[in-house]
Each structure stands twice: as C-alpha cells, then as structure tokens.
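Below are the chains, spelled out letter by letter.
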Amino acid sequence: QLQLQESGPGLVKPSETLSLTCTVSGGSISSSSYYWGWIRQPPGKGLEWIGSIYYSGSTYNNPSLKSRVTISVDTSKNQFSLKLSSVTAADTAVYYCARHVYYYDTSGYYYPDYWGQGTLVTVSS
Amino acid sequence: DIQMTQSPSSLSASVGDRVTITCQASQDISNYLNWYQQKPGKAPKLLIYDASNLETGVPSRFSGSGSGTDFTFTISSLQPEDIGTYYCQQDDNLRLTFGGGTKVEIK
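Predicted model, so just to flag it, every value in this text is computed and none were measured. (Residues numbered from 1 in each chain as written. Chains lettered and ligands numbered in written order. Predicted model: local features only at pLDDT ≥ 70, side-chain atom pairs only at ≥ 80, totals over all residues. Heavy atoms only, no water.)

Engineer: I'm lost on the pattern of salt bridges in this one. Help?
Structural biologist: Should their charged atoms come close, side chains of opposite charge can pair. Residue and element names in this part refer to chain B. This structure, assessed with the given rule, holds 7 salt bridges over all chains. The shortest N-O distance in the salt bridge between Glu81 and Arg61 comes to 3.6 Å. Here Arg61 lies in the loop between β6 (53–54) and β7 (62–67) and Glu81 lies in the loop between β8 (70–75) and β9 (84–92), a separation of 20 residues in the sequence. Its relative accessible area of 42% is what places Glu81 among the partly exposed residues. With its nearest N and O atoms 2.7 Å apart, the salt bridge here joins Asp82 to Arg61. Note that Asp82 is positioned in the loop between β8 and β9 and Arg61 in the loop between β6 and β7, a separation of 21 residues in sequence. Of the two residues, Asp82 and Arg61, neither departs from the other in class, the shared state being buried. (Salt bridge = Lys/Arg side-chain N within 4 Å of Asp/Glu carboxyl O. Helix = DSSP H or I, 4+ residues; strand = E, 2+ residues; numbered from the N terminus. Buried < 20%, exposed > 50% of the residue type's maximum accessible area, 1.4 Å probe, protein only.)

Below is the structure:
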C-alpha cells in the first residue's frame, strides 16, 4: 500500500526558508509513471498546487510562487523535498505531498491520486 | 493561465437528493479535468479522473461529464457520508490549478 508522509518544522520565522520532506513507502519514486508534487491549503481556504518533480529531476512550478520554490528528489532514500524561501504569514498552510499519475497523450498530462496526510506549517515570529 | 470557475460555492441538500456541481475552464482543456472530495481535517481524495472516469473503489453514485470548457460533477443520491468540500482540478502543460471548491452540507 503506497504511503506518503510529510515531515519538517511546524513553525518557520518570516523571511526564512520553509523546508519539508516527503517520504514514499510501498512504491518506488523512480517509476516512470509518476511525478511527485506539493500542494498547500491555507487554513479555511482552497487548494494551491506548488510544483512537481520527476525522478530524473525535471521540475514544474506554479508561476505565482515565482523563484521562491525549489523541489528536489533523492531516489536513494525514496524521498522528495520542498524549499520555499522568503516566507511570510501568507505561506501559513497545510502542506501536502502527492503522487501525480503521468501519461502522454498529445502532450504530457498528470493529476494527483495518492496524497499524504498533510502537515501544518505556521509562519510566525 | 487557465482559470477554473466552480459553482456553487456551497449547497445544502437532503439525503437522497441529486446534487450537481459545475466547473468551467477559461479555455479548452479537452477532458483533462478531475474531481476530488475533501472531508474536514483530511487530505483530498480523487473521485473522478479524465472528466468521467470513476476512480477504483469510489461509489457509483458519483459521476462526471463534460469536455472542452464545461464540466459537471453529480452525486445521484446524496448520502450523509458525502458531506465535505469538492474541488475540480485541471492540468495546463503540467501546471495544475484547482477550482474554488463547493461545500456540500445535509439539509
């Protein structure tokens, strides 16, 4: 049974860098059928996709987050990670990691199917 | 960027009622539209993928339809366990956006 588990600090100070890791168990992060991504949800609000990574290191990010996002993968540990720099209170959210089913039709396409339970990160001094 | 307009933002219906949620894309997205259910304090759960395909293990009272820019999600007979928030989601060149969500309550 595939499981994804987020880990990292629950409290980050403004202007610092938020760092989270997602550990994948019950499946290989090196599968060619999947991307691996991050999605967040501010308290009481909707879902915002942050970005994704392929096992090869290819990434896609949400343009609204500009250059603040770095996503990396460690296939030896079956983990992928998120770094979000220069955080503000607006970055306070539950952060989910999720597997993205990937296939190629006329172009590449994917969607999240398995999600981690989520971890709340609060930005506050 | 492709924008997703989901409506209504909330609804209240009786057990057994047919419930319909719509999602409109700002441009043609073919059938690259998925639907999720989120219960309070839980991660979203995939219900429908590629506009109309039921994810394995999801009850058949859930269904989806549409293509291009207009999509519909239906619960044929609302059950108490269906309360939660429902989101549509689209893929634009491997960059995802979600609709604003529809909160479903029991009347």
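From this point, things continue past the structure.
Engineer: What should I look at first to understand the interface of chain A and chain B in this one?
Structural biologist: For an interface, size is often stated in terms of accessible area lost upon the parts coming together. Listed as interface residues are 24 residues of chain A and, on the opposing side, 20 residues of chain B. For the pair chain A and chain B, the two sides together bury roughly 2000 Å², of which 60% comes from carbon and sulfur. Summed over the shared surface of chain A and chain B, the result is 0 salt bridges. There are 11 residue pairs in polar contact (both at pLDDT 80 or more) connecting chain A and chain B. At the level of elements, β4 (34–41), β6 (59–61), β9 (93–104) and β10 (108–115) of chain A are the ones that each hand at least two residues to the side of chain A that touches chain B. At 7 residues, β10(A) tops the list of elements feeding residues into the side of chain A that touches chain B. Taken together, the residues of the side of chain A that touches chain B break down into 14 nonpolar, 7 polar and 3 charged. (Contact = heavy atoms within 4.5 Å. Buried area = accessible area lost by both parts, 1.4 Å probe. Polar contact = N/O pair within 3.5 Å; in protein donor to acceptor, adjacent residues only side chain to side chain. Nonpolar A, V, L, I, M, F, W, Y, C, P; charged D, E, K, R; others polar.)

Engineer: What's the story with the environment of Ser25(A) in this structure? I'm lost.
Structural biologist: Residues and elements named next belong to chain A. With respect to the helices, strands and loops of the structure, Ser25 is situated in strand β3 (residues 18–25). For Ser25, a relative accessible area of 31% translates into the label partly exposed. Those residues in contact with Ser25 that lie beyond four places of it in its chain are Gln1, Leu2 and Gln3.

Engineer: Any chance you could explain the sheet that holds β8(B) here in plain terms?
Structural biologist: Working definition: the strands of a sheet are paired by backbone hydrogen bonds and lie parallel or antiparallel to each other. Residues and elements named next belong to chain B. Pairing is antiparallel in the open sheet, where 4 strands are placed in the order β1-β3-β8-β7. Looking along the sheet, the strands with just one partner apiece sit at the ends: β1 (4–7) and β7. Taking each pair of neighbouring strands and ignoring which way they run, the sheet shows an average axis angle of 15°. Relative to strand β3 (residues 19–25), β1 runs antiparallel, the two being bridged by 4 bridges. Looking across to β3, one finds that Thr5 is bridged to Gln24. (Pairing = 2+ DSSP bridges. Axes fitted to C-alpha atoms, helices over the stretch in contact; angles between N-to-C directions.)

Engineer: Help me out: how do you make sense of the packing of aromatic side chains in this one?
Structural biologist: Counted according to the given criterion, the structure contains 21 aromatic pairs over all chains. Here Phe73(B) and Tyr86(B) contribute two aromatic rings whose centre-to-centre distance is 5.3 Å and whose plane-to-plane angle is 35°, an arrangement assigned as tilted. Of this pair, Phe73(B) sits in strand β8 while Tyr86(B) is found in strand β9, placing the two residues 13 residues apart along the sequence. Given a relative accessible area of 0%, Tyr86(B) falls into the buried group. Here the basic side chain of Arg99(A) rests over the ring of Tyr34(A), its NZ or CZ set 3.9 Å away from the ring centre. (Phe/Tyr/Trp six-rings, centres within 6.5 Å; stacked < 30°, edge-to-face > 60°. Lys NZ or Arg CZ within 6 Å of the ring centre and 35° of its normal.)

On their own, these measurements won't tell you what the molecule is for.
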